[in-house]
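Here's the letter readout for the chains.
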Amino acid sequence: MIRFENVSKLYGGGTKAVNELNLQIDAGEFFVLIGPSGCGKTTSLKMINRLVDLSEGTISINGKKISDYDIHELRWNIGYVLQQIALFPHLTIEENISIVPELKKWSKRKISDRVEELMHMVGLDPDKYRHRKPSELSGGQQQRVGVVRALAADPEILLMDEPFSALDPINREKLQKDIADLQRKIKKTILFVTHDIQEALELGDRLAIMNEGELVQSGTPEEIINHPVNDFVRNFVGLRASKHQFLDQLTAESLLDHTGDEVADPLPTVYSNASLEEVIPLLAAEPRAAVMKNGEVIGTITRKSVFQYIANRTVRERERG
Ligand code: ADP
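Values in this document were obtained by computation on a predicted structure and should not be read as measured data. (Residues numbered from 1 in each chain as written. Predicted model: local features only at pLDDT ≥ 70, side-chain atom pairs only at ≥ 80, totals over all residues. Heavy atoms only, no water.)

### Examining the overall build of the protein chain
Next, step 1: When helices and strands are counted, the protein chain shows 12 helices and 13 strands.
Next, step 2: Relative to its 321 residues, the protein chain shows a buried fraction of 44%.
Next, step 3: Total accessible area computed for the protein chain in this model is approximately 16,700 Å², and 49% of it derives from carbon and sulfur atoms.
Next, step 4: Counting 40 positive and 47 negative side-chain charges, the protein chain places the averaged centre of each group 4 Å from the other. (Helix = DSSP H or I, 4+ residues; strand = E, 2+ residues; numbered from the N terminus. Buried < 20%, exposed > 50% of the residue type's maximum accessible area, 1.4 Å probe, protein only. Areas by Shrake-Rupley, 256 points an atom, 1.4 Å probe, with all protein chains shown as cover. Lys, Arg positive; Asp, Glu negative; His and termini not counted. Charge placed at Lys NZ, Arg CZ, Asp CG, Glu CD.)

In C-alpha cells:
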C-alpha cells in the first residue's frame with residue numbers, strides 16, 4: 001500500500017508542482033493518476049521512488065516512510081516504465097530484462113528462466129527475440145520489453161508514466177489490453193499516469209484527477225462519471241465519457257434503416273442486440289445487413305443508417321453539454 005499524506009513539492013524555480021496531496025493506493029490496485037499536462041502527475045510518481053525529493057509531507061509504502069528505506073532496496077522493488085522506450089540499445093533483450101535481477105544477484109539459471117517466463121507472458125517468443133537488440137524490434141515490441149523489464153525482479157509496485165502514449169493507436173490498444181490481462185494474473189500495485197481519459201477509464205480500478213498540483217477527485221470510473229464533484233471534472237470526463245457510454249449501449253435494433261427500402265437480395269444477418277463493435281466490421285464488408293429478432297427479420301441496417309444515427313446522437317449529446 002502506498003500512502004501520500006499532505007505531500008507537496010516546490011521546485012527550485014518556485015513552481016509548486018504538487019500541493020498537499022493526500023492519496024491511498026491499496027495493494028493490488030490499478031490506480032490511475034490523470035489530469036492535464038503540467039498538473040503534477042509525473043512529479044507525484046517520481047517522489048515515490050525518490051527520483052524527486054518531496055518538500056513537505058510523507059509518502060509511505062506498507063507503513064514505512066520512503067525516506068527510511070535503503071534507496072537501492074526501494075528502487076529495486078518498484079518497477080518503473082517510461083513513455084520513451086528506455087531500453088539500452090547496445091544490450092540484447094535478455095540483457096535488458098536481466099538488469100535488476102543481476103543487481104539483486106540472482107543465479108544465472110533463475111534469471112534465464114525468469115526472462116523466458118516474462119517474454120512468454122507478453123507474447124514474445126524467447127527463442128526468436130532474446131538475443132536481438134532493441135532496434136531489431138518494433139516500437140510496440142520494445143515497449144512490451146520495457147514493461148516486463150520493470151517486472152523482472154518481481155517488484156510489488158509498478159509505476160507507469162504514460163507508457164503507451166508514444167505508440168500508434170493500434171499498438172496502444174493492444175498494450176492496454178495486455179496490461180489489463182497481465183494485471184489480472186500478477187496483481188501488482190500499479191500507479192499509472194496518463195492524460196488520456198479513455199485509457200484511464202478503461203484501465204483504472206480507481207482514478208485520481210489532478211489539476212494545478214491538487215487532487216480534485218478520486219474514485220472508481222463509475223463514481224467519477226456519475227458524480228463529478230465540479231465542472232472541471234465534468235468537462236474533463238463528461239462529454240467524452242457520455243459519448244463513449246452511448247456508443248457502448250447501441251444495438252443493431254437502435255440502428256435500423258427507416259427509409260422503407262424493401263429487402264431484396266439475401267443479406268448477411270445480425271441479431272437485434274448486436275453491439276456497434278459487431279455491426280461495424282460487418283458493414284465494412286457489406287453495405288447492408290438484415291436484423292433478426294426472435295427468429296424474424298425486423299428490418300435492415302445500412303452504412304448510412306448507422307452513420308446517420310451516430311451523427312444525430314453526437315450533435316444531441318453536444319447540445320446537452
Ligand atoms: P505532469 O506530469 O502532470 O505533466 P509534472 O509533474 O511533470 O506534470 O510538472 C508539474 C509542474 O512542475 C509543471 O509546471 C512543470 O513545469 C514543473 N516541473 C516539473 N519538473 C520540474 C523541474 N525539474 N524543475 C522545475 N519545475 C519542474
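Additional details are given in the paragraphs that follow.
### What to know about the pattern of salt bridges
Next, step 1: Under the definition given, this model contains 12 salt bridges.
Next, step 2: Put simply, Glu116 and Arg130 hold a salt bridge, and the shortest N to O gap is 2.6 Å. Here Glu116 is found in helix H4 (residues 108-121), whereas its partner Arg130 is found in the loop between helix H5 (126-129) and helix H6 (139-151), with 14 residues between them in sequence.
Next, step 3: Judged by its relative accessible area of 31%, Glu116 is partly exposed.
Next, step 4: The residue Asp231 makes a salt bridge to Arg234 at a minimum N-O spacing of 2.4 Å. Here Asp231 and its partner Arg234 are both found in helix H10 (residues 231-249), 3 residues apart, which amounts to about one turn of the helix.
Next, step 5: Given the relative accessible area of 38%, Arg234 is considered partly exposed. (Salt bridge = Lys/Arg side-chain N within 4 Å of Asp/Glu carboxyl O.)

### Thoughts on the site of the ligand
Next, step 1: All residues adjacent to the ligand are Tyr11, Thr15, Ala17, Pro36, Ser37, Gly38, Cys39, Gly40, Lys41, Thr42 and Thr43.
Next, step 2: Backbone polar atom of Cys39 to an oxygen atom of the ligand: 3.1 Å apart, as the coordinates give it.
Next, step 3: Take Thr43: an N or O atom from its side chain is 2.5 Å from an oxygen atom of the ligand.
Next, step 4: Summarising the interface, the protein chains cover 59% of the accessible area of the ligand, which totals 570 Å² for the free molecule.
Next, step 5: At 3 residues, the largest contribution of residues to the shell around the ligand is made by helix H1 (residues 41-48).
Next, step 6: Residue composition of the shell around the ligand, by class: 4 nonpolar, 6 polar and 1 charged. (Near = heavy atom within 4 Å. Polar contact = N/O pair within 3.5 Å; in protein donor to acceptor, adjacent residues only side chain to side chain. Nonpolar A, V, L, I, M, F, W, Y, C, P; charged D, E, K, R; others polar.)

### Some thoughts on the domain arrangement of the protein chain
Next, step 1: On domain assignment, one finds that the protein chain holds domain 1 (2-242) and domain 2 (246-320).
Next, step 2: Taking the mean C-alpha position of each, domain 1 and domain 2 sit 40 Å from one another. (Domains from an automatic or database assignment.)

### Remarks on the nonpolar core
Next, step 1: The biggest cluster of nonpolar side chains holds 42 residues, and the ones touching the most others in it are Ile34, Ile97, Met160, Ile179 and Phe192.
Next, step 2: Counting residues per element, this core draws most heavily on H6, at 5 residues.
Next, step 3: Look past the residues within four positions of Met160 in its chain and what remains in contact with it is Leu45, Val81, Val147, Ile179, Ile190, Leu191, Phe192 and Val193.
Next, step 4: Counting residues in hydrophobic clusters, the runner-up holds 27 residues, among them Val7, Leu33, Ile66 and Met210. (Core = buried A, V, L, I, M, F, W, Y, C linked by side-chain atoms within 4.5 Å. Contact = heavy atoms within 4.5 Å.)

### Quick look at the pairing of strand E8 (residues 189-194)
Next, step 1: Judged by how many residues are buried, E8 sits mostly within the fold: 6 of 6 residues are covered.
Next, step 2: Burial of E8 is two-sided: the residues Thr189, Leu191 and Val193 facing one way and the residues Ile190, Phe192 and Thr194 facing the other way are all buried.
Next, step 3: Two elements, strand E3 (residues 30-34) and E8, share 5 bridges in a ladder whose sense is parallel. Of the residues in E8, the one forming a bridge with Phe30 is Ile190.
Next, step 4: Pairing of strand E7 (residues 157-161) with E8, which is carried by 5 bridges, proceeds in the parallel orientation. Note that in E8 the partner of Leu159 across the bridge is Leu191. (Pairing = 2+ DSSP bridges.)

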